[in-house]
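Structural overview
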Amino acid sequence: MSFNLQVFLFYSLPIIFALLVSKLNFSSKKSHKNLPPSPPRLPLIGNLHQLGAGIHRVLQSMAKTYGPLILLHFGTVPVIVASSVDAAREIMKTHDITFANRPYLNTISKLSYDGKDIAFSKYGEQWRQLKSISVLHLLSNKRVQSYRKVREEEVVSMIKKIQGTNESIFNLSELVATLTHNVISRAALGKIYEGMELKHLLDRTFDVLGRFCFASVFPSLAWMDRFTGLEREIEKLAKDIDEFYDVVIDEHVNKKEGDAEGQDLVDILLEIQKDNSTGFHLEKKMIKALILEVFNGGTDTTSTSLDWAIGELLQNPHTMKKLQQEAHTVGQGREMITEDDLDNMPYLKAVLKEALRLHIPAPLLVPRESTKDVKLLGYDIPSGSQVMINAWAIARDPLIWEEPEEFRPERFLNTATDYKGFHFEFIPFGAGRRGCPGISFAMIINEIVLANLVYKFEFSLLGNEPIDMTESDGLTVHRKFPILVKATPRE
Ligand code: HEM
């Protein structure tokens, strides 16, 4: 969560003052619950003023003082933050069902068809049906495999673009983001929608999601979002998104037989809707929400993780050399590394894991909500608590990881530890019922792109400056500055 404190104070101080005065007139009821420790907070705004940029880092440092489970207040909303392996395991395994709900998050819900999607819908029958459609039909290994040609074509196109730079400086981050966007567009929608209309909608979505929203932290002041203009902007964006996906669906419905090779995700969803094969009525809104989710949840996270991996390789030339050697041995002078080769590239996989460990794209994962009173690490967690897991802090915990701040892919060689949600020290994709269903979809893109980049090119940075690894603010943590490099073809 990122928010603009000045805007917030401008709009809210008079109201806060009024509420504060009225609140002082109420006698506070003392809770007898054994709640997790809390850092001191201000009336009404709670701990908001302590957060700001780099929230995962702030929460890591709070955990060092207050322990692995802390209770914060984001405005009037209580939020539990978990920062240890044991706490994460308790939430996502031992009490997985209790924490399988998502809190209602105003902006995101309004931009995802009011809970008709998977990631932000309440835990229940509709979520179960949609998740099972995504796991069995949209993102299964077999389906991911069926988009191999799309991935390989986009990699070839990226290589050509790099060759076309003729060894002058270019923006590699942008190329990688475009590739990810193209692969996902072609797999989900069957083509790349020209004019970057879709990309523009995505950019607007991430921009709006980063804005301060009263409804999320002061539910009783939700009406303030009308004054700040946020509500109108969300409505306009939701309408534009809806119109875009209406066009996409109409085009698919009116598609003539043999128009396109293979089925894209919209085709599959329309087929499930028509056949009623799951015994569940898939509404048109759900189809739009599911496709939207593939973009919102899949594009930025996938390209960001790849971008961080490339950044780490550029600042660790020894690791880059080792990976190039592996690519050279596997590629054997052929034009390209193919997906058949990837199983013979353990170091590549270790590099991507290590980059994900250090740079989790969503460091606090996606918030959960408890559906009943429960005990966590001996503390009482009331029903309806919002819960965040600081996966970023856990992945850098010195009690678990040797030299946690170092980029050392070797730590992932000869170990079973991976990101599939069974090893709670490393949970970039979450775990349990609510875990990410897009792991294979994302990681095969990252593997094939990175393997070919290092196989085909030698990269050099501008001057001798070390690469800037500063993090951006926002829901997904990107590199703040794009990677600008020169690429020389490898012999
Ligand atoms: C590197 C790339 C990605 C990362 C780091 C990532 C991370 C995450 C995380 C942390 C969650 C929440 C898990 C939890 O609450 O335990 C999640 C959920 C989800 N992700 Fe991903 N994701 C990635 C790629 C994708 C892709 C490519 C797709 C789809 C094509 C996708 C679709 C989803 C969906 C639908 C959910 C909601 C699951 C639910 O609530 O049941 N993700 N992802």
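How each quantity is defined
Throughout this description, residue numbers start from 1 for each chain and increase along the sequence as written. Where totals are concerned, whole chains, interfaces and linings use all residues; where local detail is concerned, this predicted model gives features only for residues with pLDDT of at least 70, and gives and counts side-chain atom pairs only at 80 or more. To get the side-chain values, take all heavy atoms of the structure and skip hydrogens and water. Elements are defined by DSSP. Helices are runs of H or I of four residues or more, strands are runs of E of two residues or more, and each kind is numbered from the N terminus. Based on C-alpha atoms, the radius of gyration is set beside the globule rule, defined as 2.2 Å times the residue count to the power 0.38. Each residue gets one of three labels from its accessible area relative to the maximum for its type: buried under 20%, exposed over 50%, partly exposed in between, using a 1.4 Å probe on protein chains only. In what follows, residue pairs with any heavy atoms lying within 4.5 Å of each other are defined as contacts. Only the protein chains shown count as covering a residue, and every accessible area follows the Shrake-Rupley method with a 1.4 Å probe. Charged residues are defined narrowly, with Lys and Arg counted positive, Asp and Glu counted negative, and His plus the chain ends left uncounted. Every charge is mapped onto a representative atom, which is NZ of Lys, CZ of Arg, CG of Asp or CD of Glu. Distances are taken per atom, and a residue is near a molecule or strand as soon as one of its heavy atoms is within 4 Å of it. Throughout this description, a polar contact denotes any pair of N or O atoms lying within 3.5 Å of each other; where both atoms belong to protein, one of them has to be capable of donating a hydrogen while the other can accept it, and for residues adjacent in sequence the pair is counted only when both atoms sit in side chains. Polar here means any residue outside two lists: the nonpolar Ala, Val, Leu, Ile, Met, Phe, Trp, Tyr, Cys and Pro, and the charged Asp, Glu, Lys and Arg; Gly therefore counts as polar. Cavity means a closed set of points on a 1 Å grid over the protein atoms alone, one where a 1.4 Å probe fits but cannot get out, pocket means an open set with protein on both sides within 12 Å along at least 5 of 7 lines, and lining means a residue has an atom within 4 Å of a point. Grid points are joined across faces, edges and corners, and a volume is the space filled by probe spheres set on the points. Only one rule defines a salt bridge in this text: a Lys or Arg side-chain nitrogen within 4 Å of an Asp or Glu carboxyl oxygen. Only N, O and S atoms count as donors, using a 2.8 Å cut-off from the metal and 3.2 Å for Na, K and Ca, and because water is excluded some sites may appear unfinished.

1. Quick word on the overall build of the protein chain
For the protein chain, the count of helices and strands is 18 helices and nine strands. Over its C-alpha trace the protein chain gives a radius of gyration of 23 Å, about what one expects of a compact globule, namely 23 Å for 491 residues. Seen along its three principal axes, the alpha-carbon backbone of the protein chain occupies a region of about 75 × 55 × 40 Å. Burial analysis of the protein chain (491 residues in total) assigns 53% to the buried set. Sequence-distant contacts in the protein chain: of pairs separated by 6 or more residues, those separated by 24 or more amount to 74%. Carbon and sulfur atoms make up 55% of the accessible area of the protein chain, which amounts to about 22,600 Å² in all. Charge-centre separation for the protein chain: the mean point of 57 positive side chains lies 5 Å from the mean point of 62 negative side chains.

2. Things to note about the site of the ligand
Close to the ligand lie 29 residues, the nearest being Arg102, Trp127, Lys131, Arg368 and Cys436. Contact between the ligand and Arg102: an oxygen atom at 2.9 Å from a side-chain N or O atom of the residue. One nitrogen or oxygen atom from the side chain of Arg368 is found 2.6 Å from an oxygen atom belonging to the ligand. Mapped onto the shell around the ligand, the elements with two or more residues apiece are helix H5 (125-138), helix H14 (284-315) and helix H18 (439-456). At seven residues, H14 tops the list of elements feeding residues into the shell around the ligand. Residue classes in the shell around the ligand are distributed as 16 nonpolar, eight polar and five charged.

3. Some points on the layout of surface pockets
Counted as a void, the largest pocket has a volume near 770 Å³. Contributing to the lining of the largest pocket are 31 residues, with Asn141, Tyr419, Lys420, Ile439 and Ser440 lying nearest its centre. Mapped onto the lining of the largest pocket, the elements with two or more residues apiece are H5, helix H6 (141-146), helix H16 (346-358) and H18. No other element matches the five residues that H18 contributes to the lining of the largest pocket.

4. Here we look at the pattern of salt bridges
A side chain with one charge may pair with a side chain of the opposite charge, provided their charged atoms come close. As enumerated under the stated definition, the model contains 40 salt bridges in all. Here Arg433 makes a salt bridge to Asp96, at a shortest N to O gap of 3.1 Å. Linking Arg433 in the loop between helix H17 (391-394) and H18 with Asp96 in the loop between helix H3 (85-94) and helix H4 (106-110), this pair joins segments that are 337 residues apart in sequence. The class for Arg433 is partly exposed, based on a relative accessible area of 34%. Between Asp203 and Lys199 there is a salt bridge, with the nearest N and O atoms lying 3.1 Å from each other. Residue Asp203 and its partner Lys199 are both found in helix H9 (residues 197-209); the two are separated by four residues, about one turn of the helix. For Asp203, a relative accessible area of 40% corresponds to the partly exposed category. Accessibility expressed as a relative area gives 28% for Lys199, which makes it partly exposed. Via salt bridges that share partners, Lys149, Glu153, Glu154 and Arg186 belong to a single interconnected network.

5. Quick look at the coordination of the iron atom of the ligand
One donor from the polypeptide reaches the iron atom of the ligand: Cys436 (SG), at 2.3 Å. Along the chain, Cys436 falls in the loop between H17 and H18.

By themselves, these are just geometric observations and shouldn't be taken as functional.
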